[in-house]
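Now for the letters of each chain:
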Amino acid sequence: MKKTALEKININNDLPKIKEAPVIWGGGSMLIPHPKEVMNVIDNIPEGKIMDLDSLRKKLAKQHNTDISCPMTTGIFVNLVGQAYDEGSINSPFW
């Protein structure tokens, strides 16, 4: 049976982790966030405000004292939050 988006968000894995960022992304330290962290940032966007993906990534990187948050996995997890919203399993401010 296929997992729901919320089950994927709540998965127990080895994330978050910090790795070396590829040179193409500027090098330095890179956060690979847990999908639940991405959802928590989205959940804390004040009503009537927006946050673009770059701002969300910067916020996550700052929380973990890294240079960047992985653009690929962060984007995938934002999409996963949107899927969970569409499934009706969360009320995150995603539109």
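From a predicted model like this one, the values you see are computed outputs, not experimental measurements. (Residues numbered from 1 in each chain as written. Predicted model: local features only at pLDDT ≥ 70, side-chain atom pairs only at ≥ 80, totals over all residues. Heavy atoms only, no water.)

Engineer: Just checking my understanding: could you explain the overall build of the chain for this structure?
Structural biologist: A tally of helices and strands in the chain yields 4 helices and 3 strands. Helices (α) and strands (β) of the chain occur, in sequence order from the N terminus, as α-β-β-α-α-β-α. Its C-alpha atoms give the chain a radius of gyration of 13 Å, within 12% of the compact-globule value 12 Å for 95 residues. Looking at the chain residue by residue over its 95 residues, the buried ones come to 38%. Counting only contacts in the chain whose residues sit at least 6 apart along the sequence, the fraction spanning at least 24 positions is 54%. Put simply, the chain shows about 6200 Å² of open surface, and 54% of that area lies on carbon and sulfur atoms. (Helix = DSSP H or I, 4+ residues; strand = E, 2+ residues; numbered from the N terminus. Rg over C-alpha atoms; globule rule 2.2 N^0.38 Å. Buried < 20%, exposed > 50% of the residue type's maximum accessible area, 1.4 Å probe, protein only. Contact = heavy atoms within 4.5 Å. Areas by Shrake-Rupley, 256 points an atom, 1.4 Å probe, with all protein chains shown as cover.)

Engineer: Got a minute to help me understand the sheet that holds strand E2 (residues 29-32) in this structure?
Structural biologist: Consider a sheet: its strands pair through backbone hydrogen bonds, and that pairing is either parallel or antiparallel. Sheet architecture is open: 3 strands sit in the order E1-E2-E3, paired in mixed fashion. Each edge of the open sheet is held by one strand with a lone partner, namely strand E1 (17-20) and strand E3 (68-69). (Pairing = 2+ DSSP bridges.)

Engineer: Looking at this structure, I do not really get the side chain of Thr 74. What am I missing?
Structural biologist: Of note, Thr 74 is situated in helix H4 (residues 71-87). A distance of 2.6 Å separates a polar atom in the side chain of Thr 74 from the backbone oxygen of Cys 70. Residues within four places of Thr 74 in sequence aside, it is in contact with Pro 33, Val 38, Leu 53, Leu 56, Arg 57, Leu 60 and Ser 69. (Polar contact = N/O pair within 3.5 Å; in protein donor to acceptor, adjacent residues only side chain to side chain.)

Engineer: Sorry if this is basic, but what is going on with the environment of Ile 76 here?
Structural biologist: Here Ile 76 shows up in helix H4. With relative accessibility at 48%, the residue Ile 76 sits in the partly exposed group. Once the C-alpha coordinates of Ile 76 and Thr 4 are considered, the two residues, 72 residues apart in sequence, prove to be 15 Å apart.

Engineer: So what exactly am I meant to see when it comes to helix H3 (residues 53-63) here?
Structural biologist: Residues that lie three or four places apart on an α-helix share one face, since the helix turns once every 3.6 residues. Every buried residue of H3 is listed here: Leu 56, Arg 57, Leu 60 and Ala 61. Projected down its long axis, H3 carries its buried residues within an arc of 135°, all on one side. Pointing more than 90 degrees away from the buried face of H3 are the exposed residues Lys 58 and Lys 62. Buried residues belonging to H3 abut E2, helix H2 (35-43), E3 and H4. Residue Asn 65 follows H3 closely and has a positive phi angle near 55°. (Arc of directions from axis to C-beta.)

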